[in-house]
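# Chain and residue survey
Here is how the chains run, residue by residue.
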Amino acid sequence: MAVFPWHSRHRNYKAEFASCRLEAVPLEFGDYHPLKPITVTESKTKKVSRKGSTSSTSSSSSSSVVDPLSSVLDGTDPLSMFAATADPAATAAATDSSRKKREREDNSIIGSDFEPWASKRGEILARYTTTEKLSINLFMGSEKGKAGTATSAMSEKVRTRLEELDDFEEGSQKELLNLTQQDYVNRIEELNQSLKDAWASDQKVKALKIVIQCSKLLSDTSVIQFYPSKFVLITDILDTFGKLVYERIFSMCVDNRSVLPDHFSPENVNDTAKETCLNWFFKIASIRELIPRFYVEASILKCNKFLSKTGISECLPRLTCMIRGIGDPLVSVYARAYLCRVGMEVAPHLKESLNKNFFDFLLTFKQIHGDTVQNQLVVQGVELPSYLPLYSPAMDWIFQCISYHAPETLLTEMMERCKKLGNNALLLNSVMSAFRAEFIATRSMDFIGMIKECDESGFPKHLLFRSLGLNLALADPPESDRLQILNEAWKVITKLKNPQDYVNCAEVWVEYTCKHFTKREVSTVLADVIKHMTPDRAFEDSYPQLQSIIKKVIAHFHDFSVLFSVEKFLPFLDMFQKESVRVEVCKCIMEVFIKHQQEPTKDPVILNALLHVCKTMHDSVNALTLEDEKRMLAYLINGFIKMVSFGRDFEQQLSFYVEARSMFCNLEPVLVQLIHSVNRLAMETRKVMKGNHSRKTAAFVRACVAYCFITIPSLVGIFARLNLYLHSGQVALANQCLSQADAFFKAAISLIPEVPKMINIDGKMRPSESFLLEFLCNFFSTLLIVPDHPEHGVLSLVRELLGVIQDYTWEDNSDDKVRIYTCVLHLLSAMSQETYLYHVDKGPEAPELVGPFLLQQHPGPWGPAQQQAQPALRQPVAPGPEARLCGHQDHGEDSGIHQEAKQTARYGSSD
């Protein structure tokens, strides 16, 4: 077989680059612009004739395509029209969209600054719990009201339903006793689902019975601590019932494809819908007991819109007067809260009824301290300080509804009326919880005076100061009063003996202190918290509040040199002795540091404190730690490492990296970051010395290279090791550490046989050959500028690498091995050129470091001493900041350089 000699083609990279540069074309500014949006004009179709002629079409857009069927039918499809008329789903969809739009417009008067009831619901359920046994009444009546009676006469149907209602009223019930709180909640949820099922199966009477039954439960205060949560659960059922009734009547107003307008009037409602609506109100009016009759009618208050324009405005005062018949003050105030909630939903502009509810409540406020209530508390064994907070959710909601967009005169009047009542701590707390923070802040000293006058026995003063602190965190008081406010509040807070009460108040006032005072006052407050929470390890029961204090402090002190100079900040951190909580606090600190630290730092106070914080996070990692958690911790620690800079003191910087390596050895991403940081440090040294190292800097960069060489083997990921060996070898080569670079490259070559067939990437097993191919292409590109060792012969590293590739087991159907050998041909072709595509620039006065063939022409230990290599086109030796080791010109993807030069130019593209 004949053997043909192969010769590489001579390349002039500079000329090729110049010839392949894109030609500059002058841009003519006209109507067309690539970023200009495309405008499509609709074609206008004119129907000329249905007989013997085609439709003529006029269009302003030549690209519009006209459908011949649509043009003949004038744009209407009779089949689609008939289907839409006969399809109830289309009508229902139209009704639903109209309803949603109408609800949005109805609520437009209530802005986003009004806190909705839904946001309070979860807090109430979590706060008001009980361990006592509960009871519930269940409907056990007959099923006469099912759809099977549809064939009977109308009068018989009405009579049957009335008999069913009477049967329910007369006691066809069963009482379940000894239910736990969770059992009670589950049963209420079952009743809510039963209501929906009964409604869906057209058993409207049964649905009404369920609602009446649930409403009756609101008159039961046998387990009084659970009443606020019971109110939330029962009103959920009432809300469901009100929506079902309203949507039922609204759907009856839909005729063919038409729906009610967004702002409909009773004249737009047909007689059938009005009759059905009246029927519901008549059924509810027949309920004998006051409480269920009130709640059920209030739940369908919105349905008055179908009957008259003034229906809602007439019903609200009547329902307000009905509440006067409820004797229990706790039941009464929650009934008022529900009426205010429904009123704000359906008619937020009707403020008169809201104000009437408030002033009616003030008239009956003295009942709370009456004999009837006191006797009830004695029977249940409930103390007054535990009983009064049960009123807070209802009163807060009533006050919020009244004060929303209320004039200053009304708020002042309400405050004065509350001030005149005796034992008004409960009212005062609700005023501060519901009124606008600006109103409270400007009158802070007045409120402090009222708090001092309150009776301590009924409602604790520290809760009043807590409510005041919450307002002052949102709005600023007058500057002249700020210090006096803090002193008056802290006099009361610091005297609290109960650690839980103390920390609940301190948590609020810490934010006020951080916002308006200096680090000295903040340190004083933190010291007082430590003093109260350290005895008997009370801090172990208050970690959430202590975490909140830390978050508020670091939220206001973005300058960490100031933060860590707060004397009691680090001792405060020592109270977090539970590992999981301590780690969470450390994460919060590091997140704020990364977010707000703008400039690199070398402050020893910051470094020592944050090293301790990062060490705490690192030491929490164990075998059970999730990968996501490890990534998060590594991200935070890496963010800290990147922000540490000692300027030109490179030796101190390297010492910091050595210390960091010993502290964070269990997080591989941190070790990878440290290796990159040390490589960057070596390149910065080279930049300062302009490529000509002195004896001292040469020893320093060799120390950097040694740091990388002994750190890389501790990594687990094999491709991380391979890429870092290559990257560090490039840095060593750029700094004339040729023997060290040779060691890096040999270590990478020896590691290739260990590459597995499959690797884990983000929890999924992927083939590794594509990653290995990319690495080898970069490796061959680097070998172009690596000088040969004088004792190991020409292309020793290339031959050693080819031997490893030959012995590696490749996939049978893969062409990766062929691609690799193609890269080798590119390398050999580039090596045979008189001028290399790129090289390592040693500096303006030193000879350039070029490849192995020039070494053969000019003997010497590490490179040519005589020949001045042509600069040619240069590529970066390493990615990232290290790309500055030599100037380069990016010729892009379409530069026109032939394939072998493109493959060779991939040098340094992998990290």
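Predicted model, so just to flag it, every value in this text is computed and none were measured. (Residues numbered from 1 in each chain as written. Predicted model: local features only at pLDDT ≥ 70, side-chain atom pairs only at ≥ 80, totals over all residues. Heavy atoms only, no water.)

Another aspect to go through is the overall build of the chain. In terms of helices and strands, the chain carries 41 helices and six strands. Considering the chain as a whole, with its 911 residues, one finds that 49% of them fall into the buried category. As presented, the chain carries roughly 45600 Å² of accessible surface, and 53% of it is formed by carbon and sulfur atoms. (Helix = DSSP H or I, 4+ residues; strand = E, 2+ residues; numbered from the N terminus. Buried < 20%, exposed > 50% of the residue type's maximum accessible area, 1.4 Å probe, protein only. Areas by Shrake-Rupley, 256 points an atom, 1.4 Å probe, with all protein chains shown as cover.)

Before going further, it helps to examine the packing of helix H10 (residues 271–285) against helix H11 (residues 290–299). Contact geometry of H10 with H11 gives a least axis separation of 9 Å together with a crossing angle of 165°. Relative to H11, H10 is oriented roughly antiparallel. You can see that H10 and H11 cross each other, and the crossing is left-handed. Between H10 and H11, the contacting residues are Phe-281, Ile-284 and Ala-285 on the first element and Arg-293, Val-296 and Glu-297 on the second. Of the residues belonging to the contact of H10 with H11, the class tally is four nonpolar, no polar and two charged. (Axes fitted to C-alpha atoms, helices over the stretch in contact; angles between N-to-C directions. Parallel < 35°, antiparallel > 145°, perpendicular 65-115°, else oblique. Left-handed = near helix turned anticlockwise from the far one by under 90°. Contact = heavy atoms within 4.5 Å. Nonpolar A, V, L, I, M, F, W, Y, C, P; charged D, E, K, R; others polar.)

Here we come to the confidence of the model for the chain. For the chain, the average pLDDT comes to 80, and 77% of its residues sit at 70 or higher. Across residues 102–108, where pLDDT falls below 50, the model places 11 contacts with residues more than four positions away in sequence or in other chains. Every residue in residues 850–911 scores below 50 in pLDDT, and together they form 155 contacts with partners more than four places removed in sequence or on other chains. (pLDDT = per-residue confidence, 0-100.)

Next up on the list: the pattern of salt bridges. For the structure shown, the criterion picks out 26 salt bridges. When the shortest N-O distance is used, the salt bridge between Arg-121 and Asp-236 registers 2.6 Å. On the criterion of sequence distance, the pair formed by Arg-121 in helix H5 (residues 117–127) and Asp-236 in helix H9 (residues 227–252) is long-range, its members being 115 residues apart. In this structure, Lys-452 and Glu-488 form a salt bridge, with 2.9 Å as the shortest nitrogen-oxygen distance. Within this pair, whereas Lys-452 is found in helix H21 (residues 444–453), its partner Glu-488 is found in helix H23 (residues 482–493), the two being separated by 36 residues in sequence. You can call Glu-488 buried: its relative accessible area is 14%. Sharing partners across several salt bridges, the network here consists of Asp-239, Arg-341 and Glu-345. (Salt bridge = Lys/Arg side-chain N within 4 Å of Asp/Glu carboxyl O.)

In this section: the packing of helix H24 (residues 499–516) against helix H25 (residues 519–533). Where H24 meets H25, the axes come as close as 10 Å, and the angle between the chain directions of the two elements is 170°. Comparing their axes, H25 and H24 come out roughly antiparallel. Here Pro-499, Tyr-502, Val-503, Ala-506, Val-510, Thr-513 and Cys-514 of H24 lie close against H25, whose contacting residues are Glu-521, Val-522, Val-525, Asp-528, Val-529, His-532 and Met-533. Classifying every residue of the contact of H24 with H25 gives 10 nonpolar, two polar and two charged.

Of all hydrophobic cores here, the largest spans 273 residues; its most connected members are Tyr-387, Trp-509, Leu-546 and Phe-640. Residue contributions to this core peak at 14 residues, all from H9. Apart from residues lying up to four places away in sequence, Tyr-387 is in contact with Ile-224, Pro-329, Leu-330, Ile-368, Val-373, Leu-377 and Val-382. (Core = buried A, V, L, I, M, F, W, Y, C linked by side-chain atoms within 4.5 Å.)

Within this model, the largest pocket holds a volume of roughly 1200 Å³. Sorting the residues of the lining of the largest pocket by element identifies H5, helix H17 (392–403), helix H19 (425–434), helix H20 (437–442), helix H22 (461–474) and H24 as the ones contributing at least two each. The greatest single-element share of the lining of the largest pocket, amounting to eight residues, is contributed by H22. Per-class residue counts for the lining of the largest pocket are 17 nonpolar, 10 polar and 10 charged. (1 Å grid on protein atoms, 1.4 Å probe; cavity = no way out; pocket = protein on both sides within 12 Å on 5 of 7 lines; lining within 4 Å. Points joined across faces, edges and corners; volume = space filled by probe spheres on them.)

Next up on the list: the pairing of strand S5 (residues 758–761). Alignment of S5 against strand S6 (residues 764–767), held across four bridges, turns out to be antiparallel. Residue pairing in the sheet places Ile-761 in a bridge with Lys-764 of S6. Following S5, the chain reverses through two residues before pairing antiparallel with S6; Asp-762 in that reversal takes a positive phi of roughly 55°. (Pairing = 2+ DSSP bridges.)

For helix H13 (residues 329–346), with 18 residues, the first-to-last C-alpha span of 26 Å sits near the 26 Å given by 1.5 Å per residue. Along H13, 17 of the 18 residues are buried, which leaves the element largely enclosed by surrounding structure. Its side-chain oxygen 2.9 Å from the backbone nitrogen of Leu-330, Asp-328 forms the N-cap of H13. (Expected span 1.5 Å × (residues − 1). Polar contact = N/O pair within 3.5 Å; in protein donor to acceptor, adjacent residues only side chain to side chain.)

Here we come to helix H37 (residues 769–783). Along an α-helix, residues three or four positions apart point the same way, because every turn accommodates 3.6 residues. Taking 1.5 Å per residue as the helical rise, H37 with its 15 residues ought to reach 21 Å, and the 21 Å between its terminal C-alpha atoms agrees with that figure. Burial in H37 covers these residues: Glu-769, Leu-772, Leu-773, Phe-775, Leu-776, Cys-777, Asn-778, Phe-779, Phe-780, Ser-781, Thr-782 and Leu-783.

Right, let's get into the state of the cysteines. This structure, assessed with the given rule, holds zero disulfides. Cysteine Cys-340 shares no disulfide, and the gap to the nearest cysteine sulfur, in Cys-401, comes to 5.4 Å. Cys-340 sits in the buried class, given a relative accessible area of 0%. (Disulfide = S-S within 2.5 Å.)

The next point concerns unusual backbone geometry. If a residue is not glycine, its phi is most likely negative; likewise, a peptide bond is most likely trans. Look at Arg-537: it is not a glycine, yet its phi comes out positive at around 50°. Even without being glycine, Lys-690 reaches a positive phi, approximately 55°. Of note, Lys-690 is situated in the loop between helix H33 (668–688) and helix H34 (695–711). Overall, the relative accessible area of 61% leaves Lys-690 in the exposed class.

Mapped onto the elements of the fold, His-516 is located in helix H24. Reaching out from His-516, the side chain makes a polar contact with the side chain of Asp-476 at a distance of 3.4 Å. When residues no more than four places from it in sequence are discounted, the contact partners of His-516 are Leu-472, Asp-476, Pro-477 and Arg-482.

Further remarks concern the environment of Lys-366. In this fold, Lys-366 is placed in the loop between helix H14 (351–363) and helix H15 (371–380). On a C-alpha basis, the gap between Lys-366 and Asn-424 in space is 9.7 Å, while along the polypeptide they are 58 residues apart.

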